[in-house]
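# Examination of the molecular architecture
Okay, here's what each chain looks like letter by letter:
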Amino acid sequence: MEARLYETNELLRTALESMDQGLILYGPDMRVRLHNQRARELLDLPAAVLHDGSPYSVINAFQVARGEFQTSPAPLMAALDAADLASLPDVYERERPDGTSLEVRVVRLSNGGYVRTYTDITRRRESERAARASEARLRLSEERLALALDSGEDCLFDWNLIDGTTWVSERWRGRLGLVGERARPTMSGWIEAIHLDDRERVMTATRAHLRDQTATLECEYRVGQVEDEAFWVLARARVAGRAPDGRALRLVGTLIDISRRKEAEARIAHMALYDALTGLPNRNLFRERLDQALSRANLAPNRHAVLALDLDHFKIVNDTYGHLAGDRVLRLVAERIHSAVSDADTVARFGGDEFAVILSDIDGEVGVRQVCERIIAAVDEPLQLDGIVIDIGVSVGAALLSDDHASAEGVFQRADMALFRAKVASRNTYRMYEAEAHARTATRSLLAIDMKEAIRRGDFFLVYQPIIDVTTRAIVSFEALMRWQHPVHGLISPGEFIPVAEDTGLIVPLGIWALREACTEALNWPASVRVSVNVSAVQFRGGLEEAVVAALSATGLPARRLKLEVTESLLMQNPEQAVGVLHRLRALGVRLALDDFGTGYSSLSYLRRFPFDKIKIDRSFIRDIADPDAAAIVRAVVSIGERLGMGIVAEGVETVEQLELVRREGCTEVQGYIFSKPRTAADARALCCEQPSDEHPGSESELRTSDEMRDWPSFPDEDLPSPGKDEFSVDGGRQSAEIPSECRIAESIGDQVVKSLGPRRRT
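One structure accompanies this document, and this report is about it. Just so it is clear, the model here is predicted, and its values are computed rather than measured. (Residues numbered from 1 in each chain as written. Predicted model: local features only at pLDDT ≥ 70, side-chain atom pairs only at ≥ 80, totals over all residues. Heavy atoms only, no water.)

What the chain contains, in helices and strands, is 29 helices and 26 strands. Put simply, the chain has 763 residues, and 51% of those count as buried. If you take every contact in the chain between residues at least 6 apart in sequence, the share linking residues at least 24 apart comes to 64%. On the chain, roughly 35,700 Å² of surface is accessible, and the fraction owed to carbon and sulfur atoms is 52%. (Helix = DSSP H or I, 4+ residues; strand = E, 2+ residues; numbered from the N terminus. Buried < 20%, exposed > 50% of the residue type's maximum accessible area, 1.4 Å probe, protein only. Contact = heavy atoms within 4.5 Å. Areas by Shrake-Rupley, 256 points an atom, 1.4 Å probe, with all protein chains shown as cover.)

Looking now at the pattern of salt bridges. Considering all chains together, one arrives at 50 salt bridges under this definition. Across the pair Arg94 and Glu68 runs a salt bridge whose closest N-O atoms are separated by 3.0 Å. Of this pair, Arg94 sits in strand β3 (residues 91-95) while Glu68 sits in the loop between α3 (56-65) and α4 (74-81), placing them 26 residues apart in sequence. Overall, the relative accessible area of 1% leaves Glu68 in the buried class. Close ionic contact of Glu265 with Lys262 constitutes a salt bridge, the shortest N to O distance being 3.9 Å. A residue pair is termed a helical-turn pair when its members lie 3 or 4 positions apart in one helix, as Glu265 and Lys262 do in helix α10 (residues 259-273) at 3 residues. Summarising the burial analysis for this pair, Glu265 and Lys262 share the class buried. Through salt bridges with shared partners, one network takes in Glu93, Glu103, Arg105, Arg124, Arg125, Glu128, Glu218, Glu220, Arg236, Arg261, Lys262 and Glu265. (Salt bridge = Lys/Arg side-chain N within 4 Å of Asp/Glu carboxyl O.)

What follows concerns the sheet that holds strand β1 (residues 22-26). Spatially, β2-β1-β5-β4-β3 is the arrangement adopted by the 5 strands of the open sheet, whose pairing is antiparallel. Each edge of the open sheet is held by one strand with a lone partner, namely β2 (32-35) and β3. Neighbouring strand axes in the sheet, compared pairwise and without regard to direction, differ in orientation by 20° on average. Helix α5 (residues 122-133) rests against β3, β4 (101-108) and β5 (114-120) of the sheet, and its axis sits at about 125° to β4. (Pairing = 2+ DSSP bridges. Axes fitted to C-alpha atoms, helices over the stretch in contact; angles between N-to-C directions.)

As a further point, take the pairing of strand β25 (residues 647-651). Burial analysis of β25 places 5 of its 5 residues in the buried class, the great majority of the element. A two-sided burial pattern is seen for β25, the buried positions comprising Gly647, Val649 and Glu651 on one face and Ile648 and Ala650 on the other. Where strand β24 (residues 614-617) meets β25, 4 bridges bridge the pair, whose relative direction is parallel. In the sheet register, Ile615 faces β25, and the bridge partner there is Ile648. Two elements, β25 and strand β26 (residues 669-671), share 3 bridges in a ladder whose sense is parallel. Across the sheet, Glu651 pairs through a bridge with Gln671, a residue of β26. Each parallel crossover has a hand, and for β25 linked through helix α26 (residues 656-664) to β26 it is right-handed. (Right-handed = clockwise from strand over helix to strand, strands pointing away.)

On to the environment of Glu576, then. Along the chain, Glu576 turns up in helix α22 (residues 575-588). In this structure Glu576 comes out as exposed when scored by relative accessible area, which is 56%.

Time to look at the packing of helix α20 (residues 544-555) against α22. Closest axis-to-axis distance for the α20/α22 pair is 10 Å, and the angle between their directions is 15°. Comparing the axis directions of α20 and α22 gives the class roughly parallel. The two elements α20 and α22 meet at a crossing, and its hand is right-handed. Along its contact with α20, which presents Leu544, Glu545, Val548 and Val549, the element α22 presents Val581, Arg584, Leu585 and Leu588. Classifying every residue of the contact of α20 with α22 by side-chain character gives 6 nonpolar, no polar and 2 charged. (Parallel < 35°, antiparallel > 145°, perpendicular 65-115°, else oblique. Left-handed = near helix turned anticlockwise from the far one by under 90°. Nonpolar A, V, L, I, M, F, W, Y, C, P; charged D, E, K, R; others polar.)

Such coordinate-based values are descriptive only and should not be taken to indicate function.
Quick look at the structure:
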């Protein structure tokens, strides 16, 4: 197939370059799609001006600048100078400044493009001027000789309009069917040879010329009635003599076989509207038919639909078996999709592994779903390729055409959004367009746009939640958590913007900023206090080591004071890469903590393979620690951590009872609202400066319950109890505005809670 395609393209190019006419094909965007060398020669245009991709405006401006149209009639010159294509006739003649006469023909394509042909008619014009100068030169023999010299292999003919007899070049008699009973050509026989579909048009043009309404007769038509045997000719003729009353006496002219040119034009037109690989309509033709479907949908809503299709795992086919095999797969898939829809439907290929379908006369959403299921089933069948079985799937997004007057772009965007949901869901499935899902997608898109501006404005800042040693009551570290203060919407939850940042890749610059900000702020704390920063999977896939080294180098913070928190799910994505990265970071002195332990795969092999310093038990176990099963899990994790030399941090401690139980189970560090919500940088510094009180609280009534702690004013108001997976620690650029001092939680509360429990017990 590739060889045939190459041969076809070469034949097309040879045909173009063999044409006596110059040809330029303009696309709908008025850029050159195709041209031949003859066009460049006839127009005397340098390659820098006329080449594939040249805008028509550039070519026209070049011609105007050198006075190309100055020798044309005034109306034609004005239209050409102004590049007013709409006012130009389909056929016109003009004389170039160097004296060359050109005949320009314009074929307007349905997609908005143009095909322009240029014929050098200088010699013909010279002959006409010579003929007008001396009627004596228009003798029959001289006319036939001139036409023979000009036409070469073309047909010469001479109609006697008085008696109807016709003289035709001998070599063309057989082609025109002038043999046997029709050996003596007559006007009626000549007319009968014209293809029935073209006959009336040719006769109209002939009558106009015979009545002296046109200077010459020129038209293109087919000779023969059998479609496969008919061939195209270009007829050029003029009246050679008239009676005193103006009646035409003779019509002489030529027939030029233009079949090859017509075939080339047909191929060019086909290339503009059809995919070369599969033969399916391309994006241009698809758009035309979608516009037509939308017009019908205004009268019959929900009877048409558009499908967006994307092959699943096609890249694997290309990578494994090569692009030639991939092309064969695409052709087979195209056939299968086409077989799953009706003849009235349109199946198009946009390029790569993207296809689209327009469904017509369907039974609403039920009918769309049935077609989607048929397409998926057809494509899902294993493909046999040179003895190799290839499995491939397709994801489909569908949108019904309603009477809401949506544009073609809008309707296809709906199908495309549904396709995205299908690919996210599981692939090899379909999804219908839903307005609510579109609204969510649009909201996320707007959030991503706002996020880029927020990074530029510096709207992100960090807050810090302390982690406490239950024995010494001292702050051993702060976990840095990212916040976004939107200028219009206020404080945006990390649960909303972190997933968007990860999807768009903006988490990478945010992560670099946050690492540096957190390290910078940690320099304001005592040397024994570390800063913890959470790591996103997106950061982990590349650039994390460089970002950590750059932050430590720029701030001067000792590596031992930086702790990175990673989750089990992150490690599962690429364990081998994770092992190498974590070990290299650990070799620098950076501390590592396994965050949210127990919520992921909880494979104990992680604890042996990865160099963790801390294990953070997820808040869900702490919340239910009064349950014997949850307590047993906490106890087991503590025991494993002690054996492996890893410290244990209990997240989400909110009540005195929880604090007592986690301490009893052996947790050495705690984090939660019983001590403090996340604080601004200034408050975190102040908290570090406060020394723990040695006085024992007067009574147990001074301790606060979790509900009381949660009601205390702190920042931000909507923070969930203790940090979770939606809070992200990153490095930084600026601090938030300071909050009133009355919003701070006194450190003495933590002291009182710890003191009330007495010495730590081990079970």
